[in-house]
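Structural overview
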Amino acid sequence: MVKEYNPGDIESSWQNKWDADGLYQADADDGKKKFYALTMLPYPSGDLHIGHWYAMAPSDARARFKRMQGYNVMFPMGFDAFGLPAENAAIQRGVHPMKWTYHNIDRMRTQLRSMGTMIDWRREAVSADPEYYHWTQWFFTQLYKNDLAYRKQSPVDWCPQCNTTLAREQVHGDDRHCERCGTQVIKKDLEQWFFKTTNYADELLDFSQIDWPDRVKTLQTNWVGRSEGADVNFSTEDGEKLTVFTTRPDTLWGATFMVLAPEHPLVEKITNQEQKKAVVAYQKKAEQKTEIQRATVEKEKSGVFTGGYAINPVNKNRIPIWIADYVMMGYGYGAIMAVPAHDERDFEFARQYGLEIIPVIQPEGQKFDGGTMPESYLGPGLMINSAQFDGTEVSEGKGRKNPGIGKVIDWLEKEKIGQEAISYKLRDWLISRQRYWGTPIPMIFCEGCGWNPVPDQDLPVLLPEEVEWLPTGESPLKLHPTWKDAICPNCGEKATRETDTMDTFMCSSWYHLRYLSPKYKEGPFDQNEYNYWMPVDIYTGGIEHATMHLVYTRFFHKALRDIGITEAGEPMLQLRNQGMVLGEDGEKMSKSRGNVVSPDDLVAAYGADTVRAYLMFFARWDLGGPWNSQGITGTERWLKRTWAMYAQSSGPGSASDELIRDVQREVHTALDRIGSDYERFEFNTIISTLMELLNVLIDAQGRGASGSKVWPEIMETYLLMMAPAVPHIAEELWTNLLGKPYSIHNQSWPKADPDMMKKDQITLIVQVNGKLRDRIVVPVDINKKDAEKIALASEGAKPYLEGKKVRKVIVVPGRLVNIVI
RNA sequence: GCCGAAGUGGCGGAACAGGCAGACGCGCGCGACUCAAACUCGCGUUCCCUUGGGAUUGUGGGUUCGACUCCCACCUUCGGCACCA
């Protein structure tokens, strides 16, 4: 036993012992309640970041708390190992992506161990291992066989110089140039694989089975973006069908023009000779913008008249067709009917280009004039200028829930002009990536038979290691001399492999299932493990994944359920998000800003326990905030003082029963509070409660409490309370100093005793007109009348009551007496 | 522009159900220990005038005996989404 607290002496040796003893190995056991605690797996970028610690250390503490509560807790870890940075490293530094990735994983594994987490490393899964992506591929074929995967043309950002697809982050600047060669990026249509996420749009809006934060539910709801309305069949003057979706079929009579997305297929047909040049120029300009840019640029609308006209089916009006980039090809039909009188954007567009504005909804008592309206009108009212519908009331409701809109939809359906429809912002999930470092898509194309999935017995389709990185930037899979040669599983003729790989969100959609049985060979997971462990009880991770990853994994589970592979439709019952740790300057941490905080340095200087505790303490976990390197001395001192207290804990002394009773009350109150704080993810107050209690204990120790019979029990309880947050020091003091049976991490969380928490006397505050004037100490069970009497007579209150009439006295039992004069 | 979150001492934050604002910690000040410094320990630390009081939780209103907490309007910061028909 050393005299001073020196984390370097104890932390790694305990880590090694826990590991050797398999202390945190969690095995399915029907006799025990299970708890699956999952935290988002990191991408092996090279170094563990303080942000990783911020995500994982409090999650680990909470998992440990659950374990002490008697749950059989599984806390696994893995690596999301495919992805672009590995390929960049390959191109820039000539390292093979596999080598780079696995080297980083080794390093991060070591770093993760230095945190002293209760990770069960037997369950580790790495998405780039063939035994992992074997099943990623199998899932793909399952989705394909169940009609949830299909191919269609879709544009990608393409660098004509490098001859390669670019990810969004590889396109730089407002002029959108290639990060490698500076060439301006173009859009190119490629045949790509998609998953039908839209099949599950409505189900994804149902959160009734899960306890997720409201802000995430709101983000996902907006992401799915359901709107109710109608499809309406317009036609061009030449009789071409032109369908649009509208949420406001009640305003059809006010449609004075139409707008198509610049890339709409009909544009070429309807554009006349006169407008051709302008239209083509506009299309070119739009092509070079991202959707975000098209949306952002300026409030001012831009567009070009095509020269073509459409016929409004409700009144046979002839209306001009324009193109404008505020209409997106990816939503609805890529075409809108424009009703400037009742839509903000259409209004601005109409004013700018001098197009007609016809009001068709008018609130009673007002009179709109299309020529002078200052802005569009979006509220309720009566229909006007709308033939037989004039006078129909339109309220604020959406779709058929709005009777006015419902009447119009009924009529459209009867006249076969249109029908009720629901439109979603959600798009199908584009899976294909024109990359090397990813899971190969297990599909084979045969001239005669078309596309066929690779048969189960031929999986996995291995990623070839011997590849060349040619400066063209094209995927090495495409350039590989033999890899793409295959035999058609259907007819046995020569065929060609798909050379695209999968989006890495596919790997992370099911990793929690692979953790169940990472070595399992008969399927993606062992059914027995699934039955015991699933679903995930708590999922923790960054809010930035609120839409993409967390939508995909929900979709994935619903699809697997319908295919019959899994049972539950929701993979994660509870979700909680941590905030972001910013640099000390308040900016996002980044290497280029030079404000990155390295956890390794902190561990070397202070020890893992201090860093863990500080990460729990320094900010509200869900909010995060700027790092403060000074504050960490606070948690360091806390652990040093704790150590010192235990080092001199035994010894003679005598203390009053009252003091002991007070200490016990504080201990049980803290137990109660810390327990509920863990449940609520309020980690900062867990540490401050422990600090407060330490102050009480040290004070009591100085007053002779350590001679008391109950002191040893108090000392043990305090260590148990510390154990989840600071596992090393708690173990050291428990096992080596107190000589209690190893390990503290196999002990139960002590129960807070309500009797121990009770007080005999309480302090009531005395207010006069709501202002604090005195405090009175009274028995805890005092009745209202007595409390009132004592308060009225109290020294502090008296001077304010003299010569005044007491109008009312409010007594809140256990809290206060307020005298109103 | 829309959606969401948040504004409390010099700083991070606490106040769980409308009831003592500022717990806990950092920093700072004073003192003890020391030849000295560091460490450690003790005391103090929202602001303003000083027997004592007054003000104070982004701003302005409101509800209430009583508001950091509830309601209305506004301001600021951060995050997300982006002309969604």
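Residues numbered from 1 in each chain as written. Chains lettered and ligands numbered in written order. Predicted model: local features only at pLDDT ≥ 70, side-chain atom pairs only at ≥ 80, totals over all residues. Heavy atoms only, no water.

**Some remarks on the packing of helix α21 (residues 657–679) against helix α23 (residues 711–722)**
- The geometry of α21 relative to α23 is characterised by a closest axis approach of 11 Å and an angle of 20° between their N-to-C directions. In terms of orientation, α21 lies roughly parallel with respect to α23. The interaxial crossing formed by α21 with α23 has left-handed handedness. Here V663, Q664, V667, A670, L671 and I674 of α21 lie close against α23, whose contacting residues are I714, T717 and M721.
- When grouped by side-chain class, the residues that make up the contact of α21 with α23 number seven nonpolar, two polar and no charged. (Axes fitted to C-alpha atoms, helices over the stretch in contact; angles between N-to-C directions. Helix = DSSP H or I, 4+ residues; strand = E, 2+ residues; numbered from the N terminus. Parallel < 35°, antiparallel > 145°, perpendicular 65-115°, else oblique. Left-handed = near helix turned anticlockwise from the far one by under 90°. Contact = heavy atoms within 4.5 Å. Nonpolar A, V, L, I, M, F, W, Y, C, P; charged D, E, K, R; others polar.)

**With respect to the nonpolar core**
- Counting residues in hydrophobic clusters, the biggest one holds 167 residues, and the most contacted among them are M506, W627, W638, L697, Y718 and M721.
- Here L697 is in contact with M645, V663, V667, W711, I714, M715 and Y718, once residues within four sequence places are set aside.
- By size, the runner-up hydrophobic cluster in this structure holds 53 residues, among which are F234, M258, V259 and L266. (Core = buried A, V, L, I, M, F, W, Y, C linked by side-chain atoms within 4.5 Å. Buried < 20%, exposed > 50% of the residue type's maximum accessible area, 1.4 Å probe, protein only.)

**Some words on the confidence of the model for chain A**
- Taken over all residues, the pLDDT of chain A has a mean of 89, while the share at 70 or more is 96%.
- For chain A, helix α10 (residues 291–296) is the element with the lowest average pLDDT, namely 52, and strand β2 (residues 72–74) is the one with the highest, namely 97.
- Quick note on the complex model: pTM equals 0.91, ipTM equals 0.93. (pLDDT = per-residue confidence, 0-100.)

**Quick word on the sheet that holds strand β25 (residues 494–497)**
- Strand order in the open sheet made by the four strands is β23-β22-β25-β24, with antiparallel pairing throughout. For this open sheet the edge positions go to β23 (450–453) and β24 (485–487), each flanked by a neighbour on one side alone. Neighbour-to-neighbour, the strand axes of the sheet open up by a mean angle of 40°, direction not taken into account.
- In the packing of helix α5 (residues 130–145) onto the sheet, contacts are made with β22 (443–446) and β23, and the angle to β23 comes to roughly 125°. (Pairing = 2+ DSSP bridges.)

**Topic: the pattern of salt bridges**
- Counted according to the given criterion, the structure contains 45 salt bridges.
- A salt bridge links R122 to D27; the nearest nitrogen and oxygen atoms lie 3.1 Å apart. You can see R122 sitting in the loop between α4 (97–114) and β4 (125–126) and its partner D27 sitting in the loop between α1 (7–21) and β1 (34–39), a full 95 residues away along the chain.
- Under the relative-accessibility criterion, R122 is labelled partly exposed at 36%. (Salt bridge = Lys/Arg side-chain N within 4 Å of Asp/Glu carboxyl O.)

**Here's the deal with the side chain of T501**
- The topology assignment puts T501 in strand β26 (residues 501–502).
- At a separation of 3.1 Å, a polar atom in the side chain of T501 contacts the main-chain carbonyl oxygen of R435.
- In this view, T501 contacts I431, S432, R433, R435, Y436, G438, T439, P440, I441 and L477; residues no more than four positions away in its chain are not counted. (Polar contact = N/O pair within 3.5 Å; in protein donor to acceptor, adjacent residues only side chain to side chain.)

**Here we look at unusual backbone geometry**
- For the bond from L459 to P460, the omega torsion is 0°, close enough to zero to count as cis.
- Its location among the elements puts P460 in the loop between β23 and α13 (476–479).
- The amide bond that connects M534 to the next residue, P535, takes the cis arrangement and shows omega of -5°.
- Positionally, P535 belongs in the loop between α16 (527–533) and β27 (538–542).
- At A387, a position not held by glycine, the phi torsion is positive, near 50°.
- As for its placement among the helices and strands, A387 is situated in the loop between β17 (381–383) and β18 (393–394).
- Here A387 falls in the partly exposed class, since its relative accessible area comes to 48%.
- Its identity is not glycine, yet K416 carries a phi of approximately 55°, on the positive side.
- Tracing the backbone through its elements, the reader meets K416 in the loop between α12 (403–414) and β19 (418–424).

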